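Take a look at the letters that make up each chain.
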Amino acid sequence: MKEMKERGGKVEILFKATGFRICKARKRVKTTSTRFSGLLVSAMVFLTRFLSVTEGSDIGICYGLNGDNLPSAADVINLYKSCQVQNIRLYQPYPEVLEALRGSGFFVAMGSRNEDIPNFAADQSAANDWVNTNIVPYKDDVDFKWITIGNEVIPGPLSSSVPGAMNNIINVIASVGLEIMVTTVISGTALGAPYPPSTGAFTSDLSRLIYIPSTILAQHDAPVMINVYPYFAYASDPTHISAEFALFTSTTPVVIDAGLDYYNLFDAMVNAHNSALENINFGSVSIAIAETGWPTVGNDHYTSIANDQTNNRNLLNHVMQSGTSKRPGYIMPVFFLEMFNEDLKQSQVEQNFGFYYPIMNPVYPFW
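Note that the structure is a prediction, hence the values are computed from the model and not measured.

Cut-off values and rules
- Within every chain, residues take consecutive numbers counted from 1 along the sequence as written.
- Under the rules for a predicted model, residues below a pLDDT of 70 receive no local features and side-chain atom pairs below 80 are neither given nor counted, while totals for whole chains, interfaces and linings still include all residues.
- In computing side-chain properties, one takes all heavy atoms of the structure into account and sets aside hydrogens as well as water.
- By convention in these notes, a salt bridge is any Lys or Arg side-chain nitrogen within 4 Å of a carboxyl oxygen on Asp or Glu.
- Three exposure classes are used, based on accessible area relative to the maximum for each residue type with a 1.4 Å probe and protein chains only: buried under 20%, partly exposed in between, and exposed over 50%.
- Put simply, DSSP marks the helices as runs of H or I at least four residues long and the strands as runs of E at least two long, and each gets a number from the N terminus on.
- Within 3.5 Å is the distance limit for a polar contact, defined as a pair of N or O atoms, with the added protein rule that one can donate a hydrogen and the other accept it, and that residues adjacent in sequence qualify only through two side-chain atoms.
- Contact definition: two residues touch when any of their heavy atoms are within 4.5 Å.
- Pairing between two strands requires that DSSP report at least two bridges joining them.
- The handedness of a crossover follows from its direction of travel: if, with the strands pointing away from the viewer, the path from the first strand over the helix to the second runs clockwise, the crossover is right-handed.

Draft legend 1. A look at the pattern of salt bridges. Scanning all chains against the criterion turns up ten salt bridges. Close ionic contact of Glu-99 with Arg-102 constitutes a salt bridge, the shortest N to O distance being 3.0 Å. Its relative accessible area of 41% is what places Glu-99 among the partly exposed residues. Arg-102 serves as the salt-bridge partner of Asp-141, at 2.8 Å between the closest nitrogen and oxygen. With Asp-141 in the loop between α6 (124-134) and β6 (143-154) and Arg-102 in the loop between α4 (95-101) and β5 (107-111), the pair connects residues that are 39 residues apart, well separated along the chain. Salt bridges linked by common partners bring Glu-99, Arg-102 and Asp-141 together as one network.

This is the structure:
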């Protein structure tokens, strides 16, 4: 059942499996006035519309600020509300965004800058300062659900600093009485053997580097976050990867591996990471999708509004209904890239993953 609770100035939807409450509500409608019945029906219609996009899911949109023409943070948070998603991902703390998030009711994935990771790892006071500056002042009004230690620093020269940084951030989070999952975002290049999915494995060097972060994640029941882009795999090898497989439009299995049917590339890529975690004895660590999406411009024959809309719509429907074929019962948190087209990113492809133009008009109807 859907139960409504007031929190932080926003109606928050809680999901409770209580059939008794449903029966009780129906019984009371029969004995109340016509006016109250009408109000109840109107409320139910409102809720149906409000929940129609992402009901019961763990969906978010990345909020980047690599643009010189983006709207104010207050306007952006209002736009998020109209999208009816639950989660927002920030790549680093922005005070104006955090102020706009006060009382919004969104769950926030807060990132740290990659260059701060060595300091966090080497010095507990650096981790303390970061949390006390960017988390504690907002803790009563902003729902921080995740803290991500860097973005795609594994693999890379900062990999060895990630475990120490995670531990020190966890220490200070606990010391101020908060419960926030601390994780990291790994790159798709972390897999040395991405195919077939059942034999997914991290590169030999990376298996050692990712073992300790995985230990921390398992101890604290936090997911590892990964960036998953079927677009890049498809665009780099269209001879062996079909558009139907990449865009969730295949009606028959494209790959059958270890007894599992794969209708889409997204599931195959995620399950390869699941297999890689199993290979280092951390199959219990769950996965969350830190970024996924499809660009509209920048690579003729592969990028288009039609492809972007098809991918995002089919992906949204898929992840709201089930997990992957390997973890069908696990509904992953998924963050779409991204809210706006951002003109300060390096390539034209990277600039055009947004759902909206900076003037806040949609690139295509979606939310």
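Draft legend 2. Structural context of the side chain of Ser-104. Here Ser-104 shows up in the loop between α4 and β5. For Ser-104, a relative accessible area of 2% gives the class buried. A distance of 2.8 Å separates the side chain of Ser-104 from the backbone oxygen of Leu-101, its partner in a polar contact.

Draft legend 3. Expanded view of the environment of Ala-235. Relative to the elements of secondary structure, Ala-235 occurs in helix α9 (residues 230-236). When the C-alpha positions of Ala-235 and His-301 are compared, they lie 8.9 Å apart, and in sequence the two are 66 residues distant. When neighbours within four sequence positions are excluded, Ala-235 is seen to be in contact with Asn-299 and Tyr-302.

Draft legend 4. Region of interest: the pairing of strand β4 (residues 87-90). Side chains Asn-87 and Arg-89 of β4 all project onto a buried face; the interleaved residues Ile-88 and Leu-90 project onto the opposite face, where all are buried too. Bridge count for strand β3 (residues 59-63) against β4 is four bridges, and the pairing is parallel. Bridging from a neighbouring strand, Cys-62 pairs with Arg-89 of β4. For the crossover that starts at β3, traverses helix α3 (residues 73-83) and ends in the parallel β4, the hand is right-handed. For the crossover that starts at β4, traverses α4 and ends in the parallel β5, the hand is right-handed.

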